[in-house]
Structure formats: C-alpha cells, structure tokens
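# Results of the structural survey
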Amino acid sequence: NAGVMQNPRHLVRRRGQEARLRCSPMKGHSHVYWYRQLPEEGLKFMVYLQKENIIDESGMPKERFSAEFPKEGPSILRIQQVVRGDSAAYFCASSPISSYNEQFFGPGTRLTVL
Amino acid sequence: RKEVEQDPGPFNVPEGATVAFNCTYSNSASQSFFWYRQDCRKEPKLLMSVYSSGNEDGRFTAQLNRASQYISLLIRDSKLSDSATYLCGSLRSQGNLIFGKGTKLSVKP
C-alpha cells in the first residue's frame, strides 16, 4: 500500500512565476490536508479538502493561493506569482473516511523562490 | 497564548536514558492528540495517537491530562536513532491538526 505521494519533491521558481504542487493520498483515503513548514518553524495548516470540496481553508493566504481535489487525479496546491517568502516545505497529509483518524504525511515538496 | 505549545529543547540525553516531553494545549474541546517524529528535512511520521488517558507502544508512552490540558511523551531506554524533533498535534473539530513547534531530542553515545 503506497503512502502519500507528492511531486515534485523539489521545485525552483523565480519571483512572479506559478508553482503547482501535487498530492496523491494513500489508497482508501478521501481526506487531504496541506501544511506549510517554514525554516525553523512548526507545521502550519493551510487547507482541508475532500473530493471536489474544500472543507476548511482558514489557513490559506487570502491571495495567490488556491487548492483543489478533483474527482479524478491528485490534489493540487497552486501558488500564483510566487514571492521569496513562499519558500518553504509544503506537506500533504491524508486520512481515511473519518476525519478523526490519524493523518499520514507525504514526503513534501520543497519550494525555493529565487 | 498559542493553541499548542512545546518546549523547543534541545534535550541532550545519553543512550539508555529516560526522557519526557510535555505539550500544553489551550482548546479544552480538543479530543484527539498525536505525537509525530520528524527527522531533519523529512516528513513527520506518526508515532502515537492519544484519544483517552494514554497509550503505550514499546519504549514509548503517551499520557493525556485533561484537567491540566497537557499531553506527555515518555521515551525509555533512549536509542541513538530516537534523535529527532517530536511534534505534538491537537486535532481541531474542523478536522485539521494544530502543531506545536516541536521538541528537539539528541541522544548521545
């Protein structure tokens, strides 16, 4: 049973470009969560999605950031017009049907904005 | 006051020692808590879930004190491989986790 998969593992973008981060949850998991970890900081919740629904986006910055989890395919975290402050590790986690189950994390995408 | 707080450490202990970390939380409605370990530049890995008073798994014991609103993690007979950052997470009613900044443990030979 493959774990949570994320790609790319490393992404370099210049200021103003777009970044697209992908996450495929564990088999049988229908809940996806995105977290961001800045250097020397803790994990910060960004958004919680189920298939075709955003459940909670209270941690998402108001501008430039969006997320989706379509009926088919991986969840996408999209950052438009990236700035240096977006440089961080972005982790995706998934959990089974009940949102009160444990969350399992993917290996993360390390975004570097030049 | 932050929703979840941890002593950042570092905790430097010799092999074989027993070490304990505490994590305090401010939301009295929280029902579920989790300990994760995170190695440098890696993803958090689930170590233990704490739903009621406590949980034990081998050398690791987690306890929940609702009256004082803290959870603890006890590691017995520390191994070099236990060196990592330990993250405490509190599950919100919305379904997402709120994490502390982590406690760094370094086990020395």
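Residues numbered from 1 in each chain as written. Chains lettered and ligands numbered in written order. Predicted model: local features only at pLDDT ≥ 70, side-chain atom pairs only at ≥ 80, totals over all residues. Heavy atoms only, no water.

## Overview of the overall build of chain B
The condition that has to hold: By the criteria applied, helices consist of DSSP H or I runs no shorter than four residues and strands consist of E runs no shorter than two, each listed in order from the N terminus. The globule rule used for comparison is 2.2 Å times the number of residues to the exponent 0.38, while the radius of gyration itself is calculated over C-alpha atoms. The classification of residues rests on relative accessible area computed with a 1.4 Å probe and restricted to protein chains. Under 20% of the type maximum is buried, over 50% is exposed, and intermediate values are partly exposed. Contact between two residues is taken to exist if any of their heavy atoms lie within 4.5 Å; hydrogens are not considered. Here, Shrake-Rupley sampling with a 1.4 Å probe gives the accessible areas, and only protein chains in the shown set may cover a residue.
Scanning chain B from N- to C-terminus turns up zero helices and 11 strands. For chain B, the succession of helices and strands along the chain, N to C, is β-β-β-β-β-β-β-β-β-β-β. Its C-alpha atoms give chain B a radius of gyration of 13 Å, near enough to 13 Å, the size a compact globule of 109 residues would have. Principal-axis analysis of the C-alpha atoms gives chain B an extent of 40 × 30 × 20 Å. Classification of the 109 residues of chain B by burial places 46% in the buried group. Of the contacts made within chain B by residues no fewer than 6 positions apart, 53% connect residues no fewer than 24 positions apart. Here chain B has roughly 5300 Å² of accessible surface; of this, 47% comes from carbon and sulfur atoms.

## Observations concerning the sheet that holds strand β8 (residues 75-79) of chain A
Residues and elements named next belong to chain A. Heads up, the condition is: When DSSP finds two or more bridges between two strands, those strands count as paired. As a rule, the C-alpha atoms of each element are fitted with a line to give its axis, helices using only the stretch in contact, and angles between N-to-C directions run from 0 to 180 degrees.
The sheet built from four strands is open, its strands ordered β1-β3-β8-β7 with antiparallel pairing. Looking at which strands have only one partner, the edges of the open sheet turn out to be β1 (5-7) and β7 (65-68). Taking the axes of each pair of neighbouring strands and ignoring which way they run, one obtains an average angle of 15 degrees across the sheet.

## Some remarks on the state of the cysteines
For clarity, the threshold we go by: Working definition: a disulfide is two cysteine sulfur atoms within 2.5 Å of each other.
Throughout the structure, instances matching the rule amount to two disulfides over all chains. Each disulfide pairs two cysteine sulfurs, and for Cys23 of chain A the partner residue is Cys92 of chain A, the sulfurs being separated by 1.8 Å. On the sign convention where negative means left-handed, the S-S torsion of about -50 degrees between Cys23 of chain A and Cys92 of chain A marks this disulfide as left-handed. Here Cys23 of chain A is found in strand β3 (residues 19-24), whereas its partner Cys92 of chain A is found in strand β9 (residues 88-95), with 69 residues between them in sequence. Among the residues examined, Cys92 of chain A registers a relative accessible area of 0% and is labelled buried. Between the sulfur atoms of Cys23 of chain B and its disulfide partner Cys88 of chain B the distance amounts to 1.9 Å. Where Cys23 of chain B bonds to Cys88 of chain B through sulfur, the torsion about that S-S bond is close to -70 degrees, and the disulfide is left-handed. Separated by 65 residues along the polypeptide, Cys23 of chain B in strand β3 (residues 19-25) and Cys88 of chain B in strand β9 (residues 84-91) bring together distant segments of the chain.

## As for the side chain of Gln6 of chain B
Residues and elements named next belong to chain B. What counts, and what does not: A 3.5 Å cut-off defines polar contacts: any pair of N or O atoms within that distance qualifies, except that in protein one atom must be a possible hydrogen donor and the other a possible acceptor, and neighbouring residues in sequence count only when both atoms are side-chain atoms.
When you line up the elements, Gln6 lands in strand β1 (residues 4-6). We classify Gln6 as buried; its relative accessible area is 12%. Looking at Gln6, its side chain comes within polar contact range of the main-chain nitrogen of Cys88, at 3.0 Å. Excluding residues that lie within four positions of it along the chain, Gln6 makes contacts with Asn22, Cys23, Trp35, Tyr86, Leu87, Cys88, Gly100, Lys101, Gly102 and Thr103.

## Side note on the sheet that holds strand β7 (residues 60-65) of chain B
Residue and element names in this part refer to chain B. The sheet built from five strands is open, its strands ordered β1-β3-β8-β7-β6 with antiparallel pairing. At either end of the open sheet lies a strand with only one pairing partner, and these are β1 and β6 (54-57). Taking each pair of neighbouring strands and ignoring which way they run, the sheet shows an average axis angle of 15 degrees. Bridge analysis of β3 against strand β8 (residues 70-75) gives six bridges, and the strand direction is antiparallel. When the bridges of β8 are listed, Thr24 appears paired with Tyr70.

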